[in-house]
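Per-entry structural report
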Amino acid sequence: MTEISYRLPQQRVLQTELPGPRSQELAARRKAAVAAGVGSTAPVYAADADGGVIVDVDGNSLIDLAAGIAVTNVGASHPKVVAAIRDQAERFTHTCFMVTPYEGYVEVCERLAAVTPGDHEKRSVLFNSGAEAVENAIKVARLATGRPAVVAFDHAYHGRTNLTMALTAKAMPYKANFGPFAPEVYRMPMSYPFRDGDRDGAAAAREAISRIEKQIGATSVAAIIIEPIQGEGGFIVPAPGFLPALADWARSNGVVFIADEVQTGFARTGAWFACDHEGVVPDIVTMAKGIAGGMPLSAITGRADLMDAVHAGGLGGTYGGNPVACAAALAAIDAIDELDLNARARRIEELATARFRELAQRIPAIGDIRGRGAMLALEFVKPGTSEPDAALTSAVAARCLAQGVITLTCGTFGNVIRLLPPLVIGEDLLDEALTVLCTAIGDLAG
Ligand code: PLZ
């Protein structure tokens, strides 16, 4: 494994109770200035971050198992990303690609064509956020097919804008009272092995396809959009065969198969994209998060015939493919290659799942251990049942945070702890974080 050198000491150090006094001061200022609708998982304010640690304004050094929700795969301040940002910012921060184009945008699109699944001819467009990428993938699919309907799945998360709220499955906190929602979105059952009994991937796909055909009609469907491993919905890895069967059906029926790889992309799961694990080649891939080492950038990459169907001026936005974000993306993509972050993600899976399997033998509240690469989760249940235990889940996350380890929860039932460490986290630090997590689970659920 390539050696990584870090700028900050890679250690967990608690100088104060969390949140410390400076963080508490900032929380008070925030309350008077920032709208209440924006939540924060960890009420500690960041001052510095590098590798696997976030240092807060009170000097506490916390272990980061969130990577800003799967963003800082190469770390929060990878030196090449920082240098690329600095260099580009010194030349120009913006011209607007739709006014005066620049090379960085073109180069990012070239790189995306090379790393996304499939060796067909591709075209890309750049945007700012994951939700914006999803919105635009649907725009392209509808225009190219001339059809209205979009299929999304149970437990799906695709964003917080109006169309993406419609695609997202969970009411609280994402949708409740924010309607009316965009029309022509249809929800189908997902393959959820832990909760599916003996229904396998092929059977789950047959059920979804039969419902699509009966309830919508294949010729009305513009697109199927699916996260190849669901993120916010619970890190649900569909049973083998589910994704390929849906993609095949889409291909035979002129339906655009969109893989939302916003959370799963850029080496997170131990491959460039989660679709790679099953050899699925989507018609359009949506990307964001890990694409640019922390800078806001998103993209859609798709079959040239679909993408080029759109008239000039039909896609874009003032900031889409900002030059500083593009420079960061080129550096981040290089770093993923140079550091072989796919191998690191697989190593993280190996280390963490070994610990979890051992723990699960004595903790019946661990209902399921799942995920791929550095996208791993534990689903908590009332022992002996499949009844979700959300209270235990939040207690575990809170205990970890109090001890200086940042974790995230997720899941339709709020009963999943998920691990999304920066892929550059050192093994010793990861091991320490896992010890904190496993001890918390042992204490609270044992
Ligand atoms: N598609 C698969 O995971 C973003 C958002 C969390 P944006 N997920 C984290 C929250 O509470 O807002 C996400 C995703 C998938 C789309 C998105 C949306 O990406 O960059 O947040 O718009």
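All of these numbers come straight from a predicted model, not from anything done at the bench.

**Focus on the site of the ligand**
If you check the shell around the ligand, you find 15 residues, and the closest are G130, A131, R160, D260 and Q263. Here an oxygen atom of the ligand and a backbone polar atom of A131 are 2.8 Å apart. Side-chain polar atom of E232 to a nitrogen atom of the ligand: 3.4 Å apart, as the coordinates give it. For the ligand, whose accessible area on its own is 500 Å², the fraction buried by protein is 82%. Residue classes in the shell around the ligand are distributed as five nonpolar, five polar and five charged.

**Quick word on the environment of F153**
Following the sequence through the fold, F153 ends up in strand β5 (residues 149-153). For F153 and S191, which are 38 residues apart along the polypeptide, the C-alpha to C-alpha distance reads 9.2 Å. Once residues lying within four places of it in the same chain are set aside, the contact partners of F153 are A169, R187, M188, P189, M190, A208, I224, I225, I226, Q230, F242 and L246.

**A closer look at the sheet that holds strand β15 (residues 416-419)**
The antiparallel open sheet is built from four strands, whose spatial order is β11-β12-β15-β14. Both edges of this open sheet fall to β11 (366-372) and β14 (408-410), since each of them pairs with a single strand only. Averaged over all pairs of adjacent strands, the angle between strand axes in this sheet comes to 25°, irrespective of strand direction. Relative to β15, β14 is paired through three bridges, and the arrangement is antiparallel. In the sheet register, C410 faces β15, and the bridge partner there is V416.

**Let's talk about the pairing of β11**
Taken together, the six bridges between β11 and strand β12 (residues 375-380) define a ladder with antiparallel strand orientation. Across the sheet, the residue bridging to I369 is L378, located in β12. Here β11 hands over to β12 after two residues, with G373 in that stretch at a positive phi of 60°.

**Some words on the packing of aromatic side chains**
All chains considered together, the criterion is met by eight aromatic pairs. Plain terms: the ring middles of Y157 and Y174 are 4.8 Å apart, the flat faces sit at 70° to each other, and that makes the pair edge-to-face. Taken together, the residues Y157 in the loop between β5 and α6 (162-167) and Y174 in the loop between α6 and β6 (185-188) connect sequence positions 17 residues apart. You can call Y174 buried: its relative accessible area is 12%. Seen in terms of ring centroids, F266 and F273 are 5.2 Å apart; in terms of plane orientation they differ by 70°. Their pairing is edge-to-face. For the pair F266 and F273, a shared accessibility class is recorded, and that class is buried. In textbook terms, an aromatic cluster arises when at least three aromatic residues are bridged by ring pairs, as seen for F92, F97, Y102 and Y105.

**Here's the deal with the sheet that holds strand β4 (residues 122-127)**
Taken in spatial order, the seven strands line up as β4-β10-β9-β8-β7-β5-β6 in an open sheet, and their pairing is mixed. Where the open sheet ends on each side, the last strands, each with one partner, are β4 and β6. With direction set aside, neighbouring strand axes in the sheet form an average angle of 20°. The sheet contact formed by strand β8 (residues 256-260) and strand β9 (residues 284-287) spans three bridges and is parallel.

**Regarding the domain arrangement of the protein chain**
One can read the domain layout of the protein chain as domain 1 (21-77 + 340-445) and domain 2 (81-338). Of note, the centres of domain 1 and domain 2, computed from C-alpha atoms alone, are 25 Å apart. Residue-level contacts link 40 residues of domain 1 with 36 residues of domain 2. For the pair domain 1 and domain 2, the summed buried area comes to about 2,900 Å², and 57% of that belongs to carbon and sulfur atoms. Counting the surface domain 1 buries against domain 2, the share from its top three residues, N342, R372 and M375, is 24%. The tally of links from domain 1 across to domain 2 stands at two salt bridges. At the boundary of domain 1 with domain 2, the tally comes to 23 residue pairs in polar contact (both at pLDDT 80 or more). Elements that contribute at least two residues to the side of domain 1 that touches domain 2 include exactly α2 (67-70), α11 (341-360), β11, β12 and β15. Here the side of domain 1 that touches domain 2 takes five residues from β11, the largest share from any one element. Class assignment of the residues belonging to the side of domain 1 that touches domain 2 gives a composition of 21 nonpolar, 12 polar and seven charged.

**Focus: the packing of helix α4 (residues 103-115) against helix α10 (residues 323-338)**
The interhelical angle for the contact between α4 and α10, taken along N-to-C directions, is 35°, at an axis separation of 8 Å. In the crossing of α4 with α10, the sense of the turn from one axis to the other is left-handed. Residues G104, Y105, E107, V108 and R111 of α4 form the contact with α10, whose participating residues are C326, A329, L330, I333, D334 and D337. Of the residues that constitute the contact of α4 with α10, the class distribution is six nonpolar, one polar and four charged.

**With respect to the side chain of S23**
For S23, the location among the structural elements is in helix α1 (residues 21-33). Classification of S23 by relative accessible area gives buried; the value is 0%. Separated by 2.9 Å, the side chain of S23 and the backbone nitrogen of Y45 make a polar contact. If sequence neighbours within four positions are ignored, S23 has contacts with P43, V44, Y45, D56, V57 and D58.

Rules behind the numbers
Chains are numbered independently. Their residues run from 1 in the order of the written sequence. Per-residue local features of the predicted model are confined to residues with pLDDT of at least 70, and side-chain atom pairs are confined, for both listing and counting, to 80 or more; whole-chain, interface and lining totals are unaffected and use all residues. Hydrogens and water are ignored here; the side-chain numbers use all heavy atoms of the structure. Only heavy atoms are used to decide nearness, and a residue is near a molecule or strand if one of them lies within 4 Å of it. Each polar contact in these results corresponds to two N or O atoms within 3.5 Å; when the atoms are within protein, one needs to be able to donate a hydrogen and the other to accept it, and residues that are neighboring in sequence are counted only if both atoms are side-chain atoms. Method for areas: the Shrake-Rupley scheme with a 1.4 Å probe, in which residue coverage is limited to the protein chains shown. By the convention adopted, Pro, Cys, Tyr, Trp, Phe, Met, Ile, Leu, Val and Ala count as nonpolar, Lys, Arg, Asp and Glu as charged, and the other residues, Gly among them, as polar. Helix numbers and strand numbers start at the N terminus; a helix is a DSSP run of H or I with at least 4 residues, a strand a run of E with at least 2. Throughout, a contact is declared for two residues whenever any of their heavy atoms are within 4.5 Å. Here, a strand pair is defined by DSSP locating no fewer than two bridges between the strands. Axis definition: a line fit to C-alpha positions, over the contact stretch in the case of helices; interaxial angles, taken between N-to-C directions, run 0 to 180 degrees. Stacked, edge-to-face and tilted labels apply to pairs of Phe, Tyr and Trp rings (six-membered ring for Trp) whose centres lie within 6.5 Å, assigned for plane angles under 30 degrees, over 60, and everything in between, in that order. Between buried and exposed lies partly exposed: a residue is buried under 20% and exposed over 50% of the maximum accessible area for its type, with that area taken using a 1.4 Å probe on protein chains only. As annotated, the domain borders come from an automatic or database domain assignment. Summed over both partners, the accessible area (1.4 Å probe) lost when two parts come together is defined as the buried area. Every case where a carboxyl oxygen of Asp or Glu lies within 4 Å of a side-chain nitrogen of Lys or Arg is listed as a salt bridge. Left-handed describes a crossing whose near helix is turned anticlockwise from the far helix by less than a right angle; the clockwise case is right-handed.

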